[in-house]
Amino acid sequence: MQKYLFIFLVCLFSGLPLFSQNNDKDTKNSKEKTSKERTFMGVVKDQSGEPLPGAVVYVKSKPASGTSTDAYGNFILKNIPEGKQIIIISCLGMEPKEFTFTGQKSAIIVLEEKVKKIQDVVVTGIYVRKKDSFTGSATTYSKEDLKTIGTKNLIQSLKTLEPSLKVMDNNTWGSDPNRMPDMEIRGKTSIVGELSSDYDNTANQPLFILDGIEVTINDIMNLNMDRIANVTVLKDAASTAIYGSKSANGVIVVETVKPEPGQLRVSYSGNFQLQMPDLTGYNLMNGEEKLQYELLAGRYTAKDNMESQDALDALYYSRLKEIKRGVDTYWLSEPLRAVFNHSHNLYVDGGDKAMQYGIGLSYNDESGVMKGSDRQIMSGNIDLTYRKNSLIFSNKFNVDLVNSKREPVEFSKFAEANPYYRKTNDDGTVSELLEPLDVAGEPIYNPLYLYNIVNNDATNDITLRDNFSIIWRFLQSFQLRGRIGISKLISQNEAFKSPSHPDFTGVDKKGSYSKNDSETFSYNGDITLTYGKVIKDRHQINAVGGWTFSEKSTKNSGYSVYGFTSDLHQNPQFSAGFDEGAKPTYKNATSRSTSFYLNGNYSYRNRYMVDASLRFDGSSVFGAQKLFTSTWAAGIAWNINNERWFQVDWIDLLKLRFSIGNPGNQNFDAYLSSGTYIYNPEYQNHFGTSAIIEKFANKGLEWQKTIDKNFGIDFEFLDSRLRIGGDYYYKVTDPLLVSIPMPPSVGTDKIYTNFGGQISKGFSGMISYTAIKRPTTRLNFNLTFSNGTSEYFNIGNKLDFMNEKGSSTSLRRYYDGASPDDIWAVRSAGIDPATGREVFIKKDGSYTFQYDANDEVVVGSTAKDLEGVFSVSFYYKQFSASVNLRYQLGAQTFASALYNKVENITEQGMYYNQDKRALYDRWQKPGDKAKFKAIDNFESTPMSSRFVINENVLSGESISFGYETAGKWVRAMKAQGISFRLYMNDIFRISSFKEERGTDYPFSKSVSLSVGVRF
């Protein structure tokens, strides 16, 4: 009794609406007197049978008049209008329910939890299956889960929630809004693009499915968060098997919000964000420190008779005078800004049981923290669903407009500027050079001068996407679906660089204009037959068979012209024309694929489950002799808790899973195996225009496939208060598809071939504990964790030339047993206190001052020993809070700032600012125990273990506070509810060592507010 009374009092003062009766005597009439006699009583409970105090109960047509449940979940709703009425029952954290009232006296209303409903199914994009009968490794997250983390984009939230998804920090481009993230699920399966200097992150990228149609990562990043209904991550062979040769990297399936029947509903959400640059990793010298470093390094000491000591002394004292006058320019702040971003989403839906419609508009401003770096996304969508007997017609149309601009100067130019230089002259003008040419010997440009020169780079994209499907349900157990999706992308890029830009110093034609156009048209579709049957409440059978097809065509064209007289006319008409021998470019590519698949699932009494899949794929990407291949997968699972002999009351779920399969990878160029040629109209022959070989063909190029094994376990204890889930995976990719650089004499720069293999293994999982579980209060603790390692095999000596080539410029090596995460370098014993020189350790353990690349060994690994997120979430009535902290333990990294800005500083490099440690931590005199070599040593430093540092990180990935209410003041607005949420994302980062992050574009942190209203 006391417990229920307490809960009722909590709800009473929580702000949830306790509606008053309509007692306006002036508006009464005989009809209303009759309606007063219509009374509806009932009790509202959760799925476990516990009463729900404070639940809101009202007539849909009269939202301003209603009631709420008492401490026992009971309610009495009076003054119900005549006729058939819809009664709405809602409670915080539960799915709202509609009840059709036709005069009943009483009813028991059971509400379902919002989160639990979506977590009970697995959405693959082709079929939906109950999770308890599924053998694969898959996790589904709701819109509410995602928006608890953040509102910027799907990937930002998903990387916090899903332990198997890794989004790599781009240490060069930081938080640049116009760069797509590099990500992978359960490690790498390919090394295409890693053997050359070209950076390629698509070969290991997961497959993205949006409403059943394959899309690009750009489409996912452009998707407004409020349009997402749920997202499912498919991780192992059993769950990804339906996508066969495209699924070795995992699959991310996104479903958008669907229209629902009923009266017209309007939903609005607005997100308002303050984004600030994060410069905590920078450790640059101030003016006094930089001048002192230059003095100790011998910058102002004459080295021969060609230099005047008097002139060097005068230069030193002139700079010292500036510093004493207070000149200490903080260049890093000049190109940066604290930017206010905002996004809005409006969705209108409604209809009846036969026809539902939904219309949405959204706008998203994603301007970056660098001035001139902008990205605006405008989207519109129309969703239609029509039901006629056993037929369901559905169409989703979407249009995206993306306008982006890039910053005119890299951030690194400002980080390089010495702090004892003034930003402007005495008259306020910006000088072109920071140092006279006769002093520096080469131009040292003022980054502000470069920033103010016209240097525009803008891209406009428009994407049209339509997805149409027909579903026919017949004979109770069968469903036939046909679906086709069409997508069209038109992209235009224009760039203009002023004739006054230093890039044109010494050339006749100054200034440039370039335009590049790209068009991509793609279609894909499928025909799927689904069968589902439960026989005698024991045997559950599901089967899916179908055919898919797709085509993608891309056309790229462009040109560049030079020779402008001013910035006034940024138009190719005002140019002097092409450079000598230059001409416009044009390239097109088409790839096609098709597949036939069959998937079956059997469950006996929900105890024993078996999954099996078989798929035949054809693709134009691979060799003419290897157009088709087959992939397969199988999985088994055992729900031990459903065994009759296993009667343990406090164990709710105990499930063992195993799967194996051989998914493939098609994230490669359209003409990967084909020979390609470039027409050369300057050379004609008897047969017409000549052609020059661009790439050799490899007709025998094989598909890259991976044997993927997964062992999983799921626990739930104590009324699901304690949940533990984990997976161990072991993946073997054989053969690898490798891009080999070729010498220029061959006529092509690279060739694709198959050889070698790679093993990837690791584990991921989560532990969740609900410390408090009450209808109005909940406290959850959650820990996710993951680990992954990889190694090569069967490579032999085929890549020795790459190992030799990279000995002085790269830390990656290709040997049998080596890992793509390994850091290779010669071991270092540190700096000799007597001489200030580095002491190296040879393979035999002896010491030497001479560097020898043959002494390279593995000195570290970029793979984390353990990585994950620790989360705490708290719900109390309408209030909620969530804290998500990411931890990374046990990895090593090559400290590029130490290598480039503490050592390896040339004499010319002293005209640029450097890391503080170049002054404080370098050897200066005999007896010094220093970390870095002599301060006046300008010799090149080879890569050694001295620059490999242990990296442990703790970061505040997401902290949020929310409030949700459906109070009386909300009903007065004719709204069903309103929600507020305050976020702090990437608000802090604590690392075991200090390293520059975001060298050409800084990282950022943000504070944002989200507002949602439902009418």
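Treat the numbers as computed from the prediction; the structure is a model and nothing was measured.

Helices and strands together make up the secondary structure of the chain, namely 16 helices and 52 strands. Its C-alpha radius of gyration of 33 Å places the chain within 12% of the 31 Å reference for a compact globule of 1015 residues. Projected onto its principal axes, the C-alpha coordinates of the chain cover approximately 110 × 70 × 65 Å. Looking at the 1015 residues of the chain, the share that counts as buried comes to 51%. A separation threshold of at least 6 residues defines the contact pool for the chain, and within that pool the share at least 24 residues apart is 69%. Surface accessibility of the chain: about 46600 Å² in total, with carbon and sulfur atoms responsible for 56%. Here the chain contributes 117 positive and 116 negative side-chain charges, whose respective centroids are spaced 10 Å apart.

Strand order in the open sheet formed by three strands is E4-E1-E7, with mixed pairing between adjacent strands. Looking at the sheet topology across the chains shown, the edges are occupied by strand E4 (74-77) and strand E7 (106-110). Averaged over neighbouring strand pairs, the angle between their axes works out to 25 degrees when direction is ignored. For strand E1 (residues 40-45) and E4, the ladder comprises four bridges, and the chain directions are antiparallel. Residue pairing across strands places Met41 opposite Ile76, the latter belonging to E4.

So, on to the sheet that holds strand E43 (residues 847-848). One open sheet holds the four strands; their spatial order is E43-E42-E41-E44, and the pairing between them is antiparallel. A strand with exactly one partner marks an edge of an open sheet, and here the two such strands are E43 and strand E44 (856-861). Inspection of the sheet shows strand E41 (residues 822-831) paired to E44 by five bridges, in the antiparallel sense. Residue Ile823 lies in a different strand from E44, and its bridge partner there is Gly860.

In this section: helix H5 (residues 154-161). Most of H5 is tucked away, with eight of its eight residues classed as buried. The complete set of buried residues in H5 reads Leu154, Ile155, Gln156, Ser157, Leu158, Lys159, Thr160 and Leu161.

Quick look at the packing of helix H8 (residues 287-296) against helix H9 (residues 309-324) now. For any two helices packed against each other, one specifies the crossing angle of their axes together with the interaxial distance. Packing of H8 against H9 brings their axes to within 10 Å, and their N-to-C directions diverge by 160 degrees. Relative to H9, the element H8 lies roughly antiparallel. By crossing handedness, the relation of H8 to H9 is classed as left-handed. Contacts between H8 and H9 pair Gly287, Glu288, Leu291, Glu294 and Leu295 from the former with Tyr316, Arg319, Leu320 and Ile323 from the latter. Looking at the contact of H8 with H9 residue by residue, the classes come out as five nonpolar, one polar and three charged.

Inspection of the sheet shows strand E49 (residues 948-965) paired to strand E50 (residues 977-985) by eight bridges, in the antiparallel sense. If you follow Tyr963 over to E50, its bridge partner there is Phe980.

Using the criterion set out here, one finds 34 aromatic pairs in the structure. With centroids separated by 5.9 Å and ring planes inclined at 90 degrees, the aromatic side chains of Trp645 and Phe646 adopt a geometry described as edge-to-face. A relative accessible area of 59% means that Trp645 is categorised as exposed. Under the relative-accessibility criterion, Phe646 is labelled buried at 15%. Seen in terms of ring centroids, Tyr792 and Tyr814 are 5.7 Å apart; in terms of plane orientation they differ by 40 degrees. Their pairing is tilted. Placement of the pair is Tyr792 in strand E40 (residues 777-793) and Tyr814 in the loop between helix H13 (800-805) and E41, with a sequence separation of 22 residues. Classification of Tyr814 by relative accessible area gives buried; the value is 4%. Counting every residue linked through ring pairs, the aromatic cluster contains Phe521, Tyr523, Trp547, Phe549 and Phe596.

Analysis parameters
- Sequence order as written defines the numbering, with residues in each chain counted from 1.
- pLDDT decides what is reported in this predicted model: residues at 70 or higher carry local features, side-chain atom pairs at 80 or more are listed and counted, and totals for whole chains, interfaces and linings draw on all residues regardless.
- Values reported for side chains reflect all heavy atoms of the structure, with hydrogen atoms and water molecules removed beforehand.
- Where helices and strands are cited, they refer to DSSP runs of H or I of at least four residues and of E of at least two residues respectively, numbered from the N terminus.
- Computation of the radius of gyration draws on C-alpha atoms alone. For the globule rule, the value is 2.2 Å times the number of residues to the power 0.38.
- Each residue is assigned to one of three classes by its accessible area relative to the maximum for its type, calculated with a 1.4 Å probe on protein chains only: buried under 20%, partly exposed between the two thresholds, exposed over 50%.
- Note on definitions: a residue-residue contact is assigned when non-hydrogen atoms from the two residues lie within 4.5 Å.
- The accessible surface values rely on the Shrake-Rupley method and a 1.4 Å probe; as for residues, cover is taken only from the protein chains in view.
- We score Asp and Glu as negative and Lys and Arg as positive, and we do not count His or the chain ends.
- Taken as the charge centre is NZ of Lys, CZ of Arg, CG of Asp or CD of Glu, depending on the residue.
- Between any two strands, pairing holds if DSSP finds at least two bridges.
- Note on method: axes are straight lines fitted to C-alpha atoms, helices fitted across the in-contact stretch only, with angles between N-to-C directions ranging 0 to 180 degrees.
- An angle below 35 degrees is read as roughly parallel, one above 145 as roughly antiparallel, one from 65 to 115 as roughly perpendicular, and any other as oblique.
- By the definition used in this description, the sense in which the near helix is turned from the far one sets the handedness, with an anticlockwise turn below a right angle giving left-handed and a clockwise turn giving right-handed.
- Under the grouping applied here, Gly and all other residues not named as nonpolar or charged are polar, the nonpolar ones being Ala, Val, Leu, Ile, Met, Phe, Trp, Tyr, Cys and Pro and the charged ones Asp, Glu, Lys and Arg.
- Working definition: rings of Phe, Tyr and Trp (its six-membered ring) pair if their centres are within 6.5 Å, and the pair is stacked with planes under 30 degrees apart, edge-to-face with planes over 60 apart, and tilted otherwise.

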